[in-house]
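Here is how the chains run, residue by residue.
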Amino acid sequence: MRNQWTIFISVFQGVEAKNILRTDIFRILREQQDLRIVLFVQDKAKREYFRKQFVGTNIYYEIPHPYKGSILDSLFSFLKIALLRTRTMDLRRREAFESSDYSGYKSYLRYYGLSVLNVLFATAFFRKLTRWLDWRLVRSDNFEEVFDKYKPNLVFLANLFSDIEIAMLREAKKRDIKTVGLINSWDKITSRCMIRLLPDKLIVHNEIIKREAIKYAEMPEKDIEVTGIPHYDIFINSRATQRSEFCRRFGLDPEKRFLVFCPLGKRYGDIDLEILDILLDFKNKKLLPEDVEIMVRFPPNDTVDLDSFKTRGVLFYQPGIRFAVGNERRVEWDMDEEDNQIFLDTLFHCSLLVCQASSLTIDASVFDKPIINFKIKSERNILPPRDGNWLYGLNHYQYILYSGGVQLVTTKDEFLKWINKYLTDPKIDARGRKKIREEQCWKLDGQAGRRVTNSILKML
């Protein structure tokens, strides 16, 4: 059957694949026989990887030419960061300053210069003016060829904070093609940058992000749709593996409870091992119940020192596949269906989750599991910002801290006390965890992906 409609979808980042390819969004779109889907990936490695898993006569893959912005484009790329004023952006500038490789006056000049620019010009008026100038002045031909080839009817972008996706959006707007943007994470609007160009419709996970989109992106309320979190549909629609089977796979005793410790990774801190050693010390000194084991789950999108964890003899799991390896935080990753099932099983069967400021707090709240965040001063001379404690000041995390659903411990004594309290009575702070679910998830009915897809199809 000849395709009637064509949609472009960007999956340059791991979180885009998580929100789109691994959810009902892609499954439902793929089932539309009159719809041709063109997936944009970053390189050949990702194209070959996804081709093996997402196939169909109506699915095509494209790798864009290496993105090269003009001088004007680079200027507006700089302004998108300078013109967003939030507590998070202030903290990020400070963290960059304290971690800077610049020496002496260069570091101070960069930090204070950006801070002054931000105070003076980071307002709605200047953001609107900048968007207008961006649209009028910047020219880009990065996507002309592929738009001519497929003649899309709609462009669906899940990372409006990326210059390459803004280039796609620019080409679509130039040709009067409909555009839909998805805010794919709870922290993006307040922690990345301003959105350089606005899509016709913006899809968000919850009412909090909707308010932020109105305030910081100047997106008209009528063009914003709240849908819930698509990748949480699996938590509702899938069943957990039997406990005995799950425990055997990871070397856990099915007759014992286990707590999950989730390291933050190297990008934001160096305190992971110190916290793990505190947990192991509690266990070795028999300060924890004898029927409690410790499992470590690493982040899928960051690097960790595996050898150091192995020498401590703990059970650990590193989910996902990584397409790029380095010391910086990695966005080239993917968690397949098996990884997602293991994640569901881990949250379902664990008794307690321990992590630093992270979206894992929301994940655990969905399963009503007790959560401990730590903000413990390092005894190994790990200084700020490498202790990661500055992350608790970020805008989006204030909703977690004020929910009453998470215990933030600042000393080892508090840490031990709350581990044992939660293990004794996991219903403590259940009301706060319910608040987290209501605020962050909007609806937990297993239909978020379908709502996103319905919105896209209505646009067509």
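Heads up: the structure comes first, above all this text.
This one's a predicted model, so the numbers in the text were calculated from it and none came from an experiment.

(A) Representation of the packing of aromatic side chains in the model. By the definition in use, this model includes 24 aromatic pairs. Here the aromatic rings of F246 and F250 are separated by 5.1 Å at their centres, their planes lie at 50 degrees, and the arrangement is tilted. With F246 and F250 both in helix α13 (residues 243-250) and four residues apart, this pair spans about one turn of that helix. The ring of Y60 carries R36 above its face, with NZ or CZ at 5.9 Å from the centroid. Its end group placed over the ring of W418, K421 keeps NZ or CZ at 4.3 Å from the ring centre.

(B) Spotlight on a nonpolar patch on the surface. A surface patch of nonpolar side chains, about 330 Å² in accessible area, is lined by L72, L75, F78 and L137. In this fold, L137 is placed in helix α7 (residues 124-137).

(C) Geometry of the sheet that holds strand β2 (residues 35-40). Taken in spatial order, the seven strands make up an open sheet running β3-β2-β1-β4-β5-β6-β7, and their pairing is parallel. The sheet terminates laterally at β3 (59-62) and β7 (224-226), the two strands that pair on one side only. Taking each pair of neighbouring strands and ignoring which way they run, the sheet shows an average axis angle of 20 degrees. Here strand β6 (residues 201-204) runs beside β7; their pairing, made up of three bridges, is parallel. Note that in β7 the partner of I203 across the bridge is E225. Against the sheet, helix α11 (residues 207-216) touches β6 and β7, its axis set at about 165 degrees to β7.

(D) A look at α7. Between its terminal C-alpha atoms α7 stretches 20 Å, which fits the 20 Å expected from 14 residues at 1.5 Å a residue. Of all the positions in α7, only R127, T130, R131 and D134 are classed as buried. Down the axis of α7, the sector holding all buried residues measures 100 degrees, keeping them to one side. Set apart from the buried face of α7 by more than 90 degrees, the exposed residues are F125 and K128. Each element contacted by the buried residues of α7 is listed here: α4 (71-82), α9 (163-174) and α11.

(E) Local environment of the side chain of D345. With respect to the helices and strands, D345 occurs in helix α16 (residues 337-349). No salt bridge forms around the buried D345; measuring N to O, its nearest opposite-charge neighbour R249 is 6.6 Å away. In terms of polar contacts, D345 uses its side chain to reach the side chain of T241, at 2.7 Å. Not counting chain neighbours up to four residues away, the residues in contact with D345 comprise A240, T241 and F246.

Cut-offs used in this document
Residues numbered from 1 in each chain as written. Predicted model: local features only at pLDDT ≥ 70, side-chain atom pairs only at ≥ 80, totals over all residues. Heavy atoms only, no water. Phe/Tyr/Trp six-rings, centres within 6.5 Å; stacked < 30°, edge-to-face > 60°. Helix = DSSP H or I, 4+ residues; strand = E, 2+ residues; numbered from the N terminus. Lys NZ or Arg CZ within 6 Å of the ring centre and 35° of its normal. Patch = residues over 30% accessible without salt bridge, like charges linked within 9 Å, V, L, I, M, F, W, Y side chains within 5 Å. Areas by Shrake-Rupley, 256 points an atom, 1.4 Å probe, with all protein chains shown as cover. Salt bridge = Lys/Arg side-chain N within 4 Å of Asp/Glu carboxyl O. Pairing = 2+ DSSP bridges. Axes fitted to C-alpha atoms, helices over the stretch in contact; angles between N-to-C directions. Contact = heavy atoms within 4.5 Å. Expected span 1.5 Å × (residues − 1). Buried < 20%, exposed > 50% of the residue type's maximum accessible area, 1.4 Å probe, protein only. Arc of directions from axis to C-beta. Lys, Arg positive; Asp, Glu negative; His and termini not counted. Polar contact = N/O pair within 3.5 Å; in protein donor to acceptor, adjacent residues only side chain to side chain.

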